Amino acid sequence: MELRWLESFVVVAEELHFARAADRLHLAPSALSAQVRALESHLGVRLIDRGRRTRPALTSAGRLFLEEAQLTLAQAARAEAVGRRAGRGELGHAEIAYVASAAFSGVLTDVLTRCTALDTHLTVQVRELETPAQLEALSCGDIDVGFLRWRPEYPAGITTTCLLTEDVVVALPKGAPLAAYDAVPAAELRHERFTAPHFDEEYGCRDQILEVAQRGGFSPQCAPPVRDFIAALTLVGGGLAVALVPDSLRRVQIPGVCYRPLADVALTTRLVGAYRRGETSPAVRGVIRRLREAAAATITVG
């Protein structure tokens, strides 16, 4: 049974006039009549009485069949719409992971807002995950998109889009003498202990500390590495260390912590969106498209 047969029957049933029904369907009356007859032959029952001197009328079987035919056509239209929207990446599900510092950048929430806009029905599951775990999860398909700090190399099949480039600032205990500076010279950090996320997991932290130390002419003292920037700021607030952090972490108001720019060292850090090259899922491609839109918006605003 073909959908076009059902459509032809429903329009004839609504018009009860073959010529008008044919006009609505942009068919010749003979072609329309042939489709209705094909449907009746398929079902083995007459659906429409065709009077020569009277208007066509539905038979009792036709009246019963009409409601089911209308429901079938409506469901077919819904199925087609779902298929098209899924193909455009407006429907479906995606798994997203992020490093803790990404939550304060504004880019992550921008992408999530774009994914859950009123004209889409994308659903996303979001979880915090450290960079190495994200890259592994991307490679094996456990997550679809990752928000992480830039590194020089990525696993095979993984590509990235730069979402945000921001300055690195120094987080200090509020009561420390260095907090009196509007911008802190590198040499003034010579007696401080630096805390940072795991050197092997947050590429760039070690190099940034070494660059500051080289500029200031000293060998850095480093505290044991911590899990993430929030843990580092907690140590700073307790007066146990200082930390080099992305500028967006100024939004984190941890008691006892203040932020100052560096006076004589220009450091930056990049937040990237990572995903599989050649992604086949329309839903995930939809998230990637919105990620790129957010990146373009950030560049425009900047």
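Below, the structure is looked at part by part. (Residues numbered from 1 in each chain as written. Predicted model: local features only at pLDDT ≥ 70, side-chain atom pairs only at ≥ 80, totals over all residues. Heavy atoms only, no water.)

**Digging into the overall build of the protein chain**
Moving on, step 1. Secondary structure assignment for the protein chain yields 9 helices and 11 strands.
Moving on, step 2. Going through the 302 residues of the protein chain one by one, you find that 43% of them count as buried.
Moving on, step 3. Restricting the contact set of the protein chain to residue pairs at least 6 apart, pairs at least 24 apart contribute 72%.
Moving on, step 4. Accessible surface, the protein chain as shown: approximately 15,500 Å² in total, 53% of it carbon and sulfur.
Moving on, step 5. In the protein chain, 34 positive and 35 negative side-chain charges are present, and the distance between their average locations comes to 9 Å. (Helix = DSSP H or I, 4+ residues; strand = E, 2+ residues; numbered from the N terminus. Buried < 20%, exposed > 50% of the residue type's maximum accessible area, 1.4 Å probe, protein only. Contact = heavy atoms within 4.5 Å. Areas by Shrake-Rupley, 256 points an atom, 1.4 Å probe, with all protein chains shown as cover. Lys, Arg positive; Asp, Glu negative; His and termini not counted. Charge placed at Lys NZ, Arg CZ, Asp CG, Glu CD.)

**Some remarks on unusual backbone geometry**
Moving on, step 1. One non-glycine residue, Leu 16, adopts positive backbone phi at about 50°.
Moving on, step 2. Here Leu 16 lies in the loop between helix H1 (3–15) and helix H2 (18–25).
Moving on, step 3. Using a relative accessible area of 27% as the deciding quantity, one classes Leu 16 as partly exposed.
Moving on, step 4. One non-glycine residue, His 26, lies in positive phi territory at about 55°.
Moving on, step 5. For His 26, the location among the structural elements is in the loop between H2 and helix H3 (29–43).
Moving on, step 6. Overall, the relative accessible area of 73% leaves His 26 in the exposed class.

**Some remarks on helix H5 (residues 107–115)**
Moving on, step 1. Along H5, the positions that sit buried rather than exposed are Val 107, Leu 108, Val 111, Leu 112 and Cys 115. Down the axis, H5 shows its buried residues gathered within 135° of arc, on one side only. (Arc of directions from axis to C-beta.)

**Structural notes on a nonpolar patch on the surface**
Moving on, step 1. Together, Met 1, Leu 43 and Val 45 make up a nonpolar patch on the protein surface, roughly 240 Å² of accessible area in all.
Moving on, step 2. Its location among the elements puts Leu 43 in helix H3.
Moving on, step 3. For Leu 43, a relative accessible area of 33% corresponds to the partly exposed category. (Patch = residues over 30% accessible without salt bridge, like charges linked within 9 Å, V, L, I, M, F, W, Y side chains within 5 Å. Salt bridge = Lys/Arg side-chain N within 4 Å of Asp/Glu carboxyl O.)

**Overview of the packing of aromatic side chains**
Where two aromatic rings form a pair, the distance of their centres and the angle of their planes describe that pair.
Moving on, step 1. The full count for this structure, using the stated rule, is 1 aromatic pair.
Moving on, step 2. An angle of 55° between the planes, with centres 5.5 Å apart, marks the rings of Phe 9 and Phe 65 as tilted. With a gap of 56 residues between them, Phe 9 in helix H1 and Phe 65 in helix H4 (residues 60–87) connect regions that are remote in the sequence.
Moving on, step 3. A cation over a ring is seen here: Arg 270 above Trp 150, with NZ or CZ 4.3 Å from the ring centre. (Phe/Tyr/Trp six-rings, centres within 6.5 Å; stacked < 30°, edge-to-face > 60°. Lys NZ or Arg CZ within 6 Å of the ring centre and 35° of its normal.)

**Side note on the pattern of salt bridges**
Moving on, step 1. Counting across every chain of the model gives 15 salt bridges.
Moving on, step 2. The residue Glu 40 makes a salt bridge to Arg 50 at a minimum N-O spacing of 3.1 Å. Placement of the pair is Glu 40 in helix H3 and Arg 50 in the loop between strand S1 (48–49) and strand S2 (57–58), with a sequence separation of 10 residues.
Moving on, step 3. Arg 227 is paired through a salt bridge with Glu 128; the nearest N and O atoms lie 3.0 Å apart. Linking Arg 227 in the loop between strand S8 (221–222) and helix H8 (229–237) with Glu 128 in strand S4 (residues 121–128), this pair joins segments that are 99 residues apart in sequence.
Moving on, step 4. Linked through salt bridges whose partners overlap, the residues forming this network are Glu 14, Glu 15, Arg 20 and Arg 24.

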